[in-house]
Amino acid sequence: MSTPPAAQDMQATADASTTDATALTREAIARVDSSGQLDDVLALPDHLRDALWRVESAIMQDWDTSAGLVVAGMGGSAIGGALARAALGDHASRPIFVTRAYGLPPWTTPDTMVLCASYSGDTEETLACYESAGALGARRTVVTTGGRLAEMARADGVPVIPLPGGFQPRAAVAYMTVAALEVAALCGAGPRLTSEIDVAASHTEQLVAEWGPDAPEDSLAKTLARGLHGTIPVVAGAGLTVPIAYRWKTQINENAKLPCFMHELPELDHNELVGWEGAPTVGRFSAVFLDDSDIHPRVKERMELTERLIAPHAAATFRPQTRGQTTIERVISLVLLGDLVSIYLAALRGVDPGPVRVIDELKAALAQG
Ligand code: PA5
């Protein structure tokens, strides 16, 4: 099957002045990418498969928790819970809640499963949630590479889903998503999606070929990165794509070292839409609307109309679509696209996508306190 041109995947209006002549080849990216972040993104299909194996090897019992699932984590470790919730959609049979804080929701009971997700295992907010869950007598599971979290879980006899080391936490997104999906199934909050995840891995492989660095320069991910270059991106999601919009924002923040903001439809039509009128007076903003085949029809209409109303005030607007049949395929498709766009943006800006020094500095300063 031939590679569909970028225009089939998105609507776009772009200001020609945003284009950049840098070829987004592996070699060009390697010049800035000192720790191989691109390779970690391209390995997303393998991560999905490996994650399934790792959850299975943690040999967890089925624990029916009628109060649902809380995923506790921060940043790159919390996003998997939010993506899993989106992928389960209407098939979630119990509440699934993501907390990014020092505490658990007040309704957490001994009948709640709390999945503590921390790539390093040393994130203080997540450690606090782990302890609160223990104090409340809630069921706990941990997903981590090690750290204090793994130590405490092993001492407490709490199951640990072991993650491979050597990544930036945000590069473990597939692991965190699969862990949350599988734990949701184990505690009765959703159906088991093991075979769908396996099929989604193959689907993602095709998209890696289509949007990766070996694809033509006019492929979707490269076109998007060039269109966003030199602007402050504002990403909007709706329904399934809301947590994906958040993922785009955080990946553009951390990989491309840029401010980036997100909002969701239909809410943004009731406030942010007005703010766009002043956008050209303060900077060059671009808008990305993450579209999906299953968005509520009225929200879809809103998305198209909103893009048209914002376009005169934006440096560029884009509307990429999810790809795939199942919800997990569709979620992962736009996660992959956003991750690639953020790495390409880093290359266009000449910045190393890997290190997040200011986060490390902040954590070190807090550790002194
Ligand atoms: O991307 C990052 O490095 C951060 O968002 C981290 O994920 C976040 O600070 C939490 O750390 P950890 O994932 O180790 O719990």
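Before any of the text, the structure's been laid out above.
Residues numbered from 1 in each chain as written. Predicted model: local features only at pLDDT ≥ 70, side-chain atom pairs only at ≥ 80, totals over all residues. Heavy atoms only, no water.

Draft legend 1. Seen up close, the pairing of strand 7 (residues 232-237). Here strand 7 lies mainly inside the structure; five of its six residues are buried. Of the strand pairs in this sheet, strand 7 and strand 9 (residues 285-289) are connected by five bridges, and their pairing is parallel. Of the residues in strand 9, the one forming a bridge with Val-235 is Val-288. The sheet contact formed by strand 7 and strand 8 (residues 261-264) spans four bridges and is parallel. Of the residues in strand 8, the one forming a bridge with Val-235 is Met-262. For the crossover from strand 7 across helix 10 (residues 242-256) to strand 8, the handedness is right-handed. (Buried < 20%, exposed > 50% of the residue type's maximum accessible area, 1.4 Å probe, protein only. Helix = DSSP H or I, 4+ residues; strand = E, 2+ residues; numbered from the N terminus. Pairing = 2+ DSSP bridges. Right-handed = clockwise from strand over helix to strand, strands pointing away.)

Draft legend 2. Expanded view of the pairing of strand 10 (residues 316-320). Most of strand 10 sits inside the fold, with five of its five residues counted as buried. Taking every second residue as pointing to the same face, both faces of strand 10 are buried, with Ala-316, Phe-318 and Pro-320 on one and Thr-317 and Arg-319 on the other. Sheet topology places strand 9 next to strand 10; three bridges connect them, and they run parallel. By the bridge assignment for strand 10, Ser-286 is matched with Ala-316. Following the chain from strand 9 across helix 13 (residues 297-310) to the adjacent parallel strand 10, one finds a crossover that is right-handed.

Draft legend 3. Local environment of the environment of Pro-266. By the secondary structure assignment, Pro-266 is in the loop between strand 8 and helix 11 (272-275). Spatially, the C-alpha atom of Pro-266 lies 31 Å from that of Arg-192, the residues being 74 residues apart in sequence. Setting aside anything within four residues of it in sequence, one finds Pro-266 in contact with Val-299 and Arg-302. (Contact = heavy atoms within 4.5 Å.)

Draft legend 4. Here's a closer look at the site of the ligand. Neighbouring the ligand are the residues Met-74, Gly-75, Gly-76, Ser-77, Ser-118, Tyr-119, Ser-120, Thr-123, Pro-169, Arg-170, Glu-254 and Lys-363. Gly-76 is positioned with one of its backbone polar atoms (N or O) 3.0 Å from an oxygen atom of the ligand. One nitrogen or oxygen atom from the side chain of Ser-118 is found 2.6 Å from an oxygen atom belonging to the ligand. Surface burial for the ligand is 93%, taken as the share of its 380 Å² of free accessible area covered by protein chains. The cavity that encloses the ligand is the largest pocket. Of the residues that constitute the shell around the ligand, the class distribution is three nonpolar, six polar and three charged. (Near = heavy atom within 4 Å. Polar contact = N/O pair within 3.5 Å; in protein donor to acceptor, adjacent residues only side chain to side chain. Areas by Shrake-Rupley, 256 points an atom, 1.4 Å probe, with all protein chains shown as cover. 1 Å grid on protein atoms, 1.4 Å probe; cavity = no way out; pocket = protein on both sides within 12 Å on 5 of 7 lines; lining within 4 Å. Sits in = over half its atoms within 2 Å of the grid points. Nonpolar A, V, L, I, M, F, W, Y, C, P; charged D, E, K, R; others polar.)

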